[in-house]
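# Structural description and commentary
The residues making up each chain are set out below.
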Amino acid sequence: MTCTYNDFETKAQEIVKPAYLGNQTPGSNKSRFVNNFNNFYNPWLKNAWANYKNKGCEWFKKEMDNSQGKLARPNVSAYMTSLLEAKIKWTKTMHKSCGCSGDIAPNPNQKATAQ
């Protein structure tokens, strides 16, 4: 593994944090998104790091498929679409930054699954 927690955190702050805060969601209730950020961002980041540490590069593909599956569900809000797209971008970025090989493009046959 070539990535550190700091690498994860730096890119997450750049790519995912703005989506958690609703910055890409026009006309939104920003206070609600601040609450989402306060409650879910750090646990998400720590969970991502733990999974990478335990599973290595293969974890990125699973994360990509998970986010893509959620994005494919019907009636995904503008906020969740923005957040999931940011997580997909972050996942691709970290896969490359961590020196992982192969392509982790979303699976076009991914079905939305209940979580």
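What counts, and where the lines are drawn
Residues numbered from 1 in each chain as written. Predicted model: local features only at pLDDT ≥ 70, side-chain atom pairs only at ≥ 80, totals over all residues. Heavy atoms only, no water. Axes fitted to C-alpha atoms, helices over the stretch in contact; angles between N-to-C directions. Helix = DSSP H or I, 4+ residues; strand = E, 2+ residues; numbered from the N terminus. Parallel < 35°, antiparallel > 145°, perpendicular 65-115°, else oblique. Left-handed = near helix turned anticlockwise from the far one by under 90°. Contact = heavy atoms within 4.5 Å. Expected span 1.5 Å × (residues − 1). Buried < 20%, exposed > 50% of the residue type's maximum accessible area, 1.4 Å probe, protein only. Core = buried A, V, L, I, M, F, W, Y, C linked by side-chain atoms within 4.5 Å. pLDDT = per-residue confidence, 0-100. 1 Å grid on protein atoms, 1.4 Å probe; cavity = no way out; pocket = protein on both sides within 12 Å on 5 of 7 lines; lining within 4 Å. Points joined across faces, edges and corners; volume = space filled by probe spheres on them. Nonpolar A, V, L, I, M, F, W, Y, C, P; charged D, E, K, R; others polar. Salt bridge = Lys/Arg side-chain N within 4 Å of Asp/Glu carboxyl O.

### Regarding the packing of helix α4 (residues 58-71) against helix α5 (residues 78-97)
- Contact geometry for α4 and α5: axes closest at 9 Å, N-to-C directions at 160°. Considering their axes alone, α4 and α5 lie roughly antiparallel with respect to each other. For the element pair α4 and α5, the recorded crossing hand is left-handed. The segment α4 lies against α5, with Trp-59, Phe-60, Glu-63, Met-64, Ser-67, Gln-68, Lys-70 and Leu-71 engaging Thr-81, Leu-84, Glu-85, Lys-87, Ile-88, Trp-90, Thr-91, Lys-92, Met-94 and His-95.

### Quick look at α5
- Here α5 contains 20 residues, and its C-alpha end-to-end distance of 28 Å stays within 8% of the 28 Å for a straight helix at 1.5 Å per residue.
- Residues of α5 that are buried: Tyr-79, Ser-82, Leu-83, Leu-84, Ala-86, Lys-87, Ile-88, Trp-90, Thr-91, Met-94 and His-95.
- Looking one or two places after α5, you find Gly-99, whose phi comes out positive at around 75°.

### Re the nonpolar core
- If you look at the biggest cluster of nonpolar residues, it comprises 26 residues, and the most contacted ones within it are Phe-8, Tyr-20, Trp-44, Tyr-52, Phe-60, Trp-90 and Cys-98.
- Elements with a contribution of two residues or more to this core: α1 (5-15), α2 (17-20), α3 (30-55), α4 and α5.
- Counting residues per element, this core draws most heavily on α3, which supplies seven residues.

### Notes on the confidence of the model for the protein
- Across the protein, pLDDT averages 83, with 80% of residues at or above 70.
- For the protein, per-element mean pLDDT is lowest for α3, which scores 84, and highest for α1, which scores 94.
- Low pLDDT, under 50, characterises residues 111-115; the stretch is placed with nine contacts to residues that sit more than four places away or in other chains.

### Regarding the layout of surface pockets
- In this model, the largest pocket occupies a volume close to 280 Å³.
- Around the largest pocket, the lining comprises 18 residues; the ones closest to its centre are Tyr-20, Trp-44, Glu-63, Lys-70 and Lys-87.
- Going through the elements one at a time, α3, α4 and α5 are the ones with two or more residues in the lining of the largest pocket.
- No other element matches the seven residues that α3 contributes to the lining of the largest pocket.
- Broken down by class, the residue content of the lining of the largest pocket amounts to 10 nonpolar, five polar and three charged.

### Some points on the pattern of salt bridges
- The final tally for this structure, using the stated rule, is three salt bridges.
- Lys-62 is the salt-bridge partner of Glu-58, the closest N and O atoms lying 3.6 Å from each other. In this pair, Glu-58 and Lys-62 are both assigned in helix α4, four residues apart and thus about one turn of the helix distant.
- A relative accessible area of 47% means that Glu-58 is categorised as partly exposed.
- With relative accessibility at 48%, the residue Lys-62 sits in the partly exposed group.
- Among the ionic pairs, Asp-65 bridges to Lys-61, the shortest N-O distance being 3.2 Å.

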